[in-house]
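Remarks on the overall topology
Given next are the chains, with one letter for each unit.
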Amino acid sequence: MDNPIHIINLSRMVVMGSDLWGSVKPTIEKLGYKNPIVLDDKVTRGIVGKKVTDDLNCDHFEITSPTMDQVNSVGDIIKKEKYDIVVSIGGGSVIDVGKLAAFNVSVPFISYPTVASHDGIASSRASIRDGEKKLSVEAHPPIAIIADTKIVSQAPYRFIASGCADLISNYTAVLDWQLAHKLKGEYYSEHAASLSSMSAKVTIDNADVIKEGLEESARKVLKGLISSGVAMSIAGSSRPASGAEHAFSHALDMIAEKPAMHGEQCGVGSIMTMYLHREDKYKTIKEALEKIKAPTTAEELGVSDKEIINALTIAHKIRDRYTILGESGLTEMAATKLAKVTGVID
Ligand SMILES: [Zn+2]
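Residues numbered from 1 in each chain as written. Predicted model: local features only at pLDDT ≥ 70, side-chain atom pairs only at ≥ 80, totals over all residues.

**Considering the overall build of the protein chain**
- Scanning the protein chain from terminus to terminus reveals 15 helices and 8 strands.
- A compact globule built from 346 residues would reach a C-alpha radius of gyration of about 20 Å, and the protein chain, at 19 Å, matches this within 12%.
- Here the protein chain, with 346 residues, has 55% of them falling under the buried criterion.
- Of the contacts made within the protein chain by residues no fewer than 6 positions apart, 74% connect residues no fewer than 24 positions apart. (Helix = DSSP H or I, 4+ residues; strand = E, 2+ residues; numbered from the N terminus. Rg over C-alpha atoms; globule rule 2.2 N^0.38 Å. Buried ≥ 20, exposed ≤ 12 C-beta atoms within 10 Å, placed from the backbone. Contact = placed C-beta atoms within 7 Å.)

See below:
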């Protein structure tokens, strides 16, 4: 097929500002929905979940884990009670469960992130556990995103640093995508790739001004994460924002005794895969991460040298996606050398 149909699903509204709990109701009204349900968890209920639920005068459901069981229970409740829109208030799990549950029963979903630690807050993909396996499932992007700079800036700074690291890692994701396009003829969108790289560039350019407790910093990161989500929507896959550095992070999630945060691991992965792509550029990534106070070493991630090396050697098997790691991946010797030369391990 020369011209296969390519559908781009985008969010309709982004509401950005400070202290936005009162904006959820008018947003739902503007979108024309009447019967919302709020999803939150123990922590985010106290932060803003209860306020939003009271303002909407609606039901809420507490998410305890990002599992398929939970996705199915939420889907059943939505159908039974005929809710017509889902509002997820939280970090990873609440957003992921809400996104997929809403998609499965064909109702729209609003994302109200309380942290800005990864680009899942605006993307169409949900990361869900099914038994032992962690799945990345395609759903729809949120119909609206409530980007509350006050809430996000008040969360522990580590989340913002992790979000920045996830954005910076877009650089290597795009390089991997270009490689797959050239070597494997994979579909490539210049617009999606440019937008994704731009989110990385703006983050690196702003590395000096991203600071703890500042709403302006939260705003910058939220904008970047939303742009990154749009890049994925244009591409119709996570390709623009997920290459070998993400495979490395998923590998660490599987094997590390105590994995770090998604964005933190992707940032460290990006230092190493940038070295493989362009030796002269890895320091740019590393220095930006250092300025933002995101981890750049195994020690700072809280994982062992052995776990870093093992993750590097299995990363190419994580998913069927061509990257700089090639089809056979790195040998233990090559992985050790790479981690050492980039200063990730001693
Ligand atoms: Zn990511």
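Anyway, onward from the coordinates.
**A closer look at the sheet that holds strand S5 (residues 109–113)**
- With parallel pairing, 6 strands are arranged side by side in an open sheet as S1-S8-S5-S4-S2-S3. Looking at which strands have only one partner, the edges of the open sheet turn out to be strand S1 (13–17) and strand S3 (59–62). Ignoring which end each strand starts from, the neighbouring axes of this sheet average 15° apart.
- Contacting strand S2 (36–40), strand S4 (85–90) and S5, helix H4 (residues 92–104) runs over the sheet at an angle of about 165° to S4. (Pairing = 2+ DSSP bridges. Axes fitted to C-alpha atoms, helices over the stretch in contact; angles between N-to-C directions.)

**So, helix H2 (residues 42–56)**
- The largest bend along H2 measures about 60° and falls at valine 48.
- All buried positions along H2 are accounted for by Thr44, Val48, Gly49, Val52 and Thr53.
- Among the structural elements, helix H1 (24–31), S2, S3, S4, H4 and helix H5 (149–154) are those in contact with the buried residues of H2.
- Directly after H2, the chain includes asparagine 57, whose backbone phi takes a positive value near 55°. (Bend = angle between axes of the 7 residues up to and from the residue.)

**Some remarks on helix H9 (residues 215–235)**
- Its 21 residues give H9 an end-to-end C-alpha distance of 30 Å, which sits within 8% of 30 Å, the value for a rise of 1.5 Å per residue.
- At the exit of H9 stands glycine 236, carrying a positive phi of roughly 75°. (Expected span 1.5 Å × (residues − 1).)

**Here's the deal with the domain arrangement of the protein chain**
- Here the protein chain is described as being made up of domain 1 (13–152) and domain 2 (157–341).
- On a C-alpha basis, the centroid separation for the pair domain 1 and domain 2 is 26 Å.
- Each side of the interface is counted separately: domain 1 has 21 residues, and domain 2 has 22 residues.
- Where the side of domain 1 that touches domain 2 is concerned, the elements lending two or more residues are S1, strand S7 (133–138), strand S8 (144–148) and H5.
- Taken together, the residues of the side of domain 1 that touches domain 2 break down into 10 nonpolar, 7 polar and 4 charged. (Domains from an automatic or database assignment. Nonpolar A, V, L, I, M, F, W, Y, C, P; charged D, E, K, R; others polar.)

**Examining the environment of tyrosine 112**
- Secondary-structure assignment places tyrosine 112 in strand S5.
- Judged by local crowding, tyrosine 112 falls into the buried class, with 32 C-beta atoms found within 10 Å.
- Between the C-alpha atom of tyrosine 112 and that of isoleucine 146, which follows or precedes it by 34 residues, the distance is 4.8 Å.
- For tyrosine 112, the contacting residues outside a window of four places in its chain are Val24, Val87, Ser88, Ile89, Ile146 and Asp148.

**Topic: the environment of glutamine 154**
- As for its placement among the helices and strands, glutamine 154 is situated in helix H5.
- In sequence terms glutamine 154 and lysine 30 are 124 residues apart; their C-alpha atoms lie 28 Å from each other.

**Examining the packing of helix H11 (residues 262–277) against helix H15 (residues 332–341)**
- Packing of H11 against H15 leaves a shortest axis separation of 9 Å and a crossing angle of 105°. By the angle between their axes, H11 is roughly perpendicular relative to H15. In contact with Met272, Tyr275 and Leu276 of H11, H15 contributes Leu338, Ala339 and Val341. (Parallel < 35°, antiparallel > 145°, perpendicular 65-115°, else oblique.)

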